[in-house]
Amino acid sequence: MRIVLGVGGGIAAYKVASLLRLFTEAGHKVTVIPTEAATRFVGVATWEALSGNPVSNSVFDDVEKVNHVRLGHEADLIVVAPATADLLAKAATGQAGDLLTNTLLMAHGPVLFAPAMHTEMWQHAATQANVETLRSRGVTVLEPASGRLTGADSGPGRLPEPEAIFAAAMALVNAADGAKASPATEQPLAGRVVTISAGGTREALDPVRFLGNRSSGKQGAALAAAALAAGATVRFLAAHMDVEPPAGVELVRVESALELREAALKAAVDSDVVIMAAAVADFRPADVSDTKIKKVDGEDAPVVRLVRNPDILHELVERRNAEGGQQLIVGFAAETGDAQGDVLQHATAKLKRKGCDLLVVNQVGIGRVFGQDDNSVVILSGHGAEPQSAAGSKADVAAVVVDRVGAELTRVFPAL
Ligand code: CTP
């Protein structure tokens, strides 16, 4: 595969040398195009030596080869890392002042941006608008990782690890190929859009307190990684999580059940699959105080009154049914056995109640499932198929669930 690796002028440029290595070691031919500013961080000689190809960022070198047209047309993939605020702005507004920006305008294959910058620059409305513009044109812009930045600051803005960018790049190419021709068995979700919710919602009591739950988001993150590997475009709706969402997803962060509902109804509109792995609070405080609730000596402790949250999964199913849409909807159930029935009896009743196509059931207890690295589940079908068990790491379980989703999608909606 031919890859163009655009390098932006940020300190993280040095990490891109490892990304280049991952590409070349996997047998790909890479042409590196550093911006003028990038060469202040890592010199041309490094890129030439590591890629084995000449390096330039001028449209006036080798003019007879019309490099920007050739590179843009020939590239099976263009990756820009680190994508600085400046490069995102230039790409979003179609500027063409150097070889890299010219090449981006000539791109025929998938384009991936891996941003890195200070948190405030990333969160600035101008940058976010540029990211949205690029995404709306089908360009993949990864979420930056969170952590220590160049100065004393920390937050979202770190370049994702080279391995994560590499994996996202390969998933992107596979998805593009899958949309064309890949055999269904290798990429069961190629060309599909999959929305996955994950983590635990937080229901505000006052500006500093909330009601939450023990969900770590690990199973949801593993599902997203498995869906990406299966060739899907993944919309990831992340409530509170203890782990980072995988690189390569379209990320929407939410806090409460009501925010998740809004995001889920929006994302589901043109999704082929919706997987509700989030632990959604069934209740929220009826009153949210604008100011911190204070203890007052001599007064009774406050009583928190709760109201029901909407059942998002149920609502998604109802809307799908009303619209006659061909969409596979998957629920998760955390169950315990009790005097009224065992885990499977409760789960079967829940599957009926929710009306979803698949229900992934696990048994919970303190220290069990929530936050653990291993999981054991039973997948129940609303279409009469036998229950299927899966156990192992959350990645193992995710792979089985995603495989089953692919199979069920073809079985329930053969015309899709
Ligand atoms: N769910 C949802 N909206 C809610 C509550 C849950 O969409 N308000 C979804 C979860 O994401 C999960 C499934 O419903 O996919 C099952 O959640 P669970 O909490 O086990 O079920 P409940 O409906 O809360 O049933 P119960 O409290 O009776 O166990």
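What you see is a predicted model; the values in this text were computed from it and never measured.

A. Structural view of the overall build of the protein chain. Assigned secondary structure in the protein chain consists of 13 helices and 19 strands. Over its C-alpha atoms the protein chain spans a radius of gyration of 24 Å, differing by no more than 12% from the 22 Å that the globule rule assigns to 416 residues. Expressed as a percentage of its 416 residues, the buried residues of the protein chain come to 47%. Contacts in the protein chain between residues at least 24 apart in sequence constitute 68% of all its contacts with a sequence separation of at least 6. Total accessible area on the protein chain is roughly 20000 Å²; 52% of this is exposed by carbon and sulfur atoms. Looking at the protein chain, you have 38 positive and 48 negative side-chain charges, and the mean spots of the two groups are 1 Å apart.

B. Spotlight on helix α13 (residues 394-412). Helix length check: α13, at 19 residues, gives a terminal C-alpha distance of 26 Å against a target of 27 Å (1.5 Å per residue), a fit within 8%. Where the residues of α13 are buried, they touch α9 (218-229), β13 (273-276), β16 (328-335), β17 (358-363), β18 (374-381) and β19 (388-393).

C. Highlighting the packing of α9 against α13. For the pair α9 and α13, the least separation of the axes is 8 Å and the interaxial angle reads 55 degrees. Between α9 and α13, the crossing angle belongs to the class labelled oblique. Two packed elements cross with a definite hand, and for α9 against α13 that hand is right-handed. Residues Lys 218, Gln 219, Ala 222, Leu 223, Ala 226 and Ala 227 of α9 touch α13, and the partners they reach there are Lys 394, Ala 395, Val 397, Ala 398, Ala 399, Val 401 and Val 402. Classifying every residue of the contact of α9 with α13 gives 10 nonpolar, 1 polar and 2 charged.

D. Structural view of the sheet that holds strand β12 (residues 250-253). The mixed open sheet is built from 8 strands, whose spatial order is β12-β11-β8-β13-β16-β17-β18-β19. Each having just a single partner strand, β12 and β19 make up the two edges of the open sheet. In this sheet, adjacent strand axes meet at a mean angle of 20 degrees when their direction is disregarded. Two strands pair when backbone bridges link them, and β16 and β17 are joined in this way by 6 bridges, in the parallel orientation. Paired with Ala 333 across the strands is Val 361, a residue of β17. The sheet contacts of helix α10 (residues 257-268) involve β8 (193-198), β11 (233-238), β12 and β13, and relative to β11 the element is tilted by about 170 degrees.

Cut-offs applied
Residues numbered from 1 in each chain as written. Predicted model: local features only at pLDDT ≥ 70, side-chain atom pairs only at ≥ 80, totals over all residues. Heavy atoms only, no water. Helix = DSSP H or I, 4+ residues; strand = E, 2+ residues; numbered from the N terminus. Rg over C-alpha atoms; globule rule 2.2 N^0.38 Å. Buried < 20%, exposed > 50% of the residue type's maximum accessible area, 1.4 Å probe, protein only. Contact = heavy atoms within 4.5 Å. Areas by Shrake-Rupley, 256 points an atom, 1.4 Å probe, with all protein chains shown as cover. Lys, Arg positive; Asp, Glu negative; His and termini not counted. Charge placed at Lys NZ, Arg CZ, Asp CG, Glu CD. Expected span 1.5 Å × (residues − 1). Axes fitted to C-alpha atoms, helices over the stretch in contact; angles between N-to-C directions. Parallel < 35°, antiparallel > 145°, perpendicular 65-115°, else oblique. Left-handed = near helix turned anticlockwise from the far one by under 90°. Nonpolar A, V, L, I, M, F, W, Y, C, P; charged D, E, K, R; others polar. Pairing = 2+ DSSP bridges.

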